[in-house]
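What follows is each chain in one-letter form.
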Amino acid sequence: MTRRPHWNVSLDDYRLGGNPNDIDFYDEFDLCDLSDRNAKRIDELTLLAARAKSANLFRAFGIRYGDPLLVLQFPAGESTRHLFVDANSVEEVLACPFEKYEYLQNYDGIWSCRQNRVEALIRYSGGGGILAHYRSDPPRALAVRADNGIALRIGFPSADAIALLHTHIEDSFRELTVSIDGLPLAAHDEAEEAVETVGNAFLLQVEPIIGDLPHLIPRHRRPWKLPSNSQIRLRGADESTLVYPDPPVRSEPAKMYFYAHRIPGDLPVVRFLAFYQVIEYFFPIYARIRIVEQLQGILQSPSFNPRSAQDVGKLIAAVPRGGPQGLGAELGQLVTTLRRCVNIDALRSFLTEHRNHPITVQLTSNEQLLGSQPLRIEHSCDRQSLPNMSSPNSGCDCDEVLVKSLAQRIYNLRNRIVHSKEGVRDNAEGSVLPFMPQADYLDADIELLRHLARGVLTAPESGNPR
Ligand SMILES: [Zn+2]
């Protein structure tokens, strides 16, 4: 046996059917060194390793609980996918022309340009709809054939799919795939496009027949994922801060906030929008307060002359035009709401205190996964070098800069989620749609937004007026 390679297999790798940490990996070893209790399987693994090596698909040997396994590495679009083959699955992989296959990058599926086929697993709700259909006697097929011979089918996995998608690890009698056979496919993206267009069209046709909408199983790696135990919690307060709520929160936005909390983390786009909605609820309230204060400022100015057309004109100019409810543009309303409700100095200290927290790192890093501007939480003035100027309101405009950059960051993301009309790309960074891997990058911004939404909801002026 030789050295252990520097290779950490990830849980995301292909259907291992176990914990990868239980495997010891080796670049090379003689399978004959292992016990001879399963000589036939070891011969098969040796044969498979030779085939994989000549097809340039061999990745590593491994031993799990004393049993040998092989790891094959296949192309999957721009990434790769690993297939773990042990004594239980070696026979079916050997029987499969695996050298002719690649994996799909974004779905649980395989494709082959030499076989002119693509096949992807589908998921369906357990209510029996589609399975009852297949188990009916005689079985009714969900399959059609185009005039040019292309065959489209929803059914139990092909032998190749069973071998390469490891469906036997699941209950193979419950696994179904959609497959397209006889379609010339020159490149990975064409295969994926085929399941997304032709495959999805067929699934939509099937929906009214079985009373269920089966769907392709998306796969993507999450290059950055918030560890679930690392959420920034509002700490540092103790029980002495509890007071009888006066004013209490408004019931409607409070329910929105609790609702947003209940949305699971794997629906990041929905979660983001739900927290945004909490803040949005207050837009008209704070936009009106701001207009009223500006008008009062003009009216109370000693130089204001109600008989002067020019002075009355100032009043008109202070009232915004356009925007929802004639209260000005939405971004301006967001800035106004945050400025009014969020204690920026406290937020700044809070984020500074959690500077090494994964969320803060993500928000302030120069490498922004979603192309946002990095959030600058430090003062950019020289006040930090002057300790006697560290009291709030000492004249710098860094708080205002931070409020505006918070608002801009959130508003841009919100637009990239909401504005997804076909052919319209009104933001340079591109859309963030629920099924895109980018949606997973929202985690840090969702935590920021949650923090801000809570601040807006519980700000005294946001309370329920008596
Ligand atoms: Zn400053």
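Anything mentioned here points back to the structure above.
This report concerns the structure included in the present document. Note that the coordinates shown come from a computational prediction; the quantities given were computed from them, not determined experimentally. Numbering of residues starts from 1 in every chain and runs along the sequence as written. Local features in a predicted model are, by the rule used here, given only for residues with pLDDT of at least 70; side-chain atom pairs are given and counted only at 80 or more, and totals for whole chains, interfaces and linings are based on all residues.

Bringing the overall build of the chain into the picture now. Every helix listed is a DSSP run of H or I at least four residues long, and every strand listed is a run of E at least two residues long, numbered separately from the N terminus. Assigned secondary structure in the chain consists of 14 helices and 11 strands. The exposure scheme places C-beta atoms from the backbone and then counts, for each residue, the other C-beta atoms within 10 Å of its own, assigning buried at 20 or more, exposed at 12 or fewer, and partly exposed in between. Buried positions account for 32% of the 466 residues belonging to the chain.

On to helix 8 (residues 283-300), then. For a helix, the expected span equals 1.5 Å multiplied by the number of residues minus one. The first and last C-alpha atoms of helix 8 sit 26 Å apart over 18 residues, in line with the 26 Å expected at 1.5 Å per residue. Along helix 8, the residues classified as buried are Phe283, Ile285, Tyr286, Ala287 and Arg290.

Look at helix 7 (residues 268-281) against helix 13 (residues 398-418): their axes get within 11 Å of each other, and the N-to-C directions meet at 125°. Considering their axes alone, helix 7 and helix 13 lie oblique with respect to each other. Classified by chirality, the crossing of helix 13 by helix 7 is left-handed. Contact with helix 7, carried on its side by Val269, Phe272, Leu273 and Tyr276, involves Ile410, Leu413, Arg414 and Ile417 of helix 13 and no other residues of that element. Partitioned by chemical class, the residues of the contact of helix 7 with helix 13 number 7 nonpolar, no polar and 1 charged. Only the contacting stretch of a helix is used when fitting its axis, a line to C-alpha atoms as for every element, and angles between N-to-C directions run 0 to 180 degrees. Geometric relationships in this document are graded by angle, where less than 35 degrees denotes roughly parallel, more than 145 denotes roughly antiparallel, 65 to 115 denotes roughly perpendicular, and other angles denote oblique. In this scheme, a crossing is called left-handed if the near helix is turned counterclockwise away from the far one by less than a right angle; it is called right-handed if the turn is clockwise. Any two residues are considered in contact once their C-beta atoms, placed from the backbone, lie within 7 Å. Side-chain classes are defined by residue name, with Ala, Val, Leu, Ile, Met, Phe, Trp, Tyr, Cys and Pro counting as nonpolar, Asp, Glu, Lys and Arg as charged, and the others, Gly among them, as polar.

Right, let's get into the environment of Ser405. In this fold, Ser405 is placed in helix 13. Judged by C-beta crowding, with 16 C-beta atoms within 10 Å, Ser405 ranks as partly exposed. Linking Ser405 and Val335, residues 70 residues apart in sequence, is a C-alpha distance of 9.0 Å. Once residues within four sequence positions are removed from consideration, Ser405 is found in contact with Gln373, Leu375 and Arg376.

Before going further, it helps to spend a moment on the nonpolar core. The term nonpolar core means buried Ala, Val, Leu, Ile, Met, Phe, Trp, Tyr and Cys residues held together as one set by C-beta atoms within 7 Å. Counting 51 residues, the largest nonpolar core has Leu70, Val85 and Ala120 as the members making the most contacts within it. A total of 7 residues in this core trace back to one element, the largest contributor, which is helix 5 (residues 188-210). The contact partners of Val85, leaving out residues within four places of it in the chain, are Leu48, Leu69, Leu70, Leu72, Val90 and Val93. Ranked by size, the runner-up nonpolar core spans 46 residues in total, among them Tyr257, Ile285, Tyr441 and Leu452.

Time to look at unusual backbone geometry. Here the residue pair Asp246 and Pro247 is connected by a cis peptide bond, since its omega of 0° sits within 30 degrees of zero. Relative to the helices and strands, Pro247 is located in the loop between strand 11 (215-216) and helix 6 (251-262). Even without glycine at this site, Asn56 takes up a positive phi of about 65°. Relative to the assigned elements, Asn56 resides in the loop between helix 1 (39-54) and strand 2 (58-64). Phi is positive for Asn116, close to 50°, though the residue is something other than glycine. Within the secondary structure, Asn116 sits in the loop between strand 6 (109-112) and strand 7 (117-123).

Within a sheet, adjacent strands bond to each other through the backbone by hydrogen bonds, running parallel or antiparallel. Spatially, the 4 strands line up as an open sheet ordered 1-2-3-4, and their pairing is antiparallel. Looking at which strands have only one partner, the edges of the open sheet turn out to be strand 1 (23-26) and strand 4 (79-86). Across the sheet, the axes of successive neighbouring strands diverge by a mean angle of 30°, strand direction being ignored. Sheet analysis places strand 3 (residues 67-76) next to strand 4, joined by 8 bridges and oriented antiparallel. The rule for pairing is simple: two strands pair if DSSP sees at least two bridges between them.

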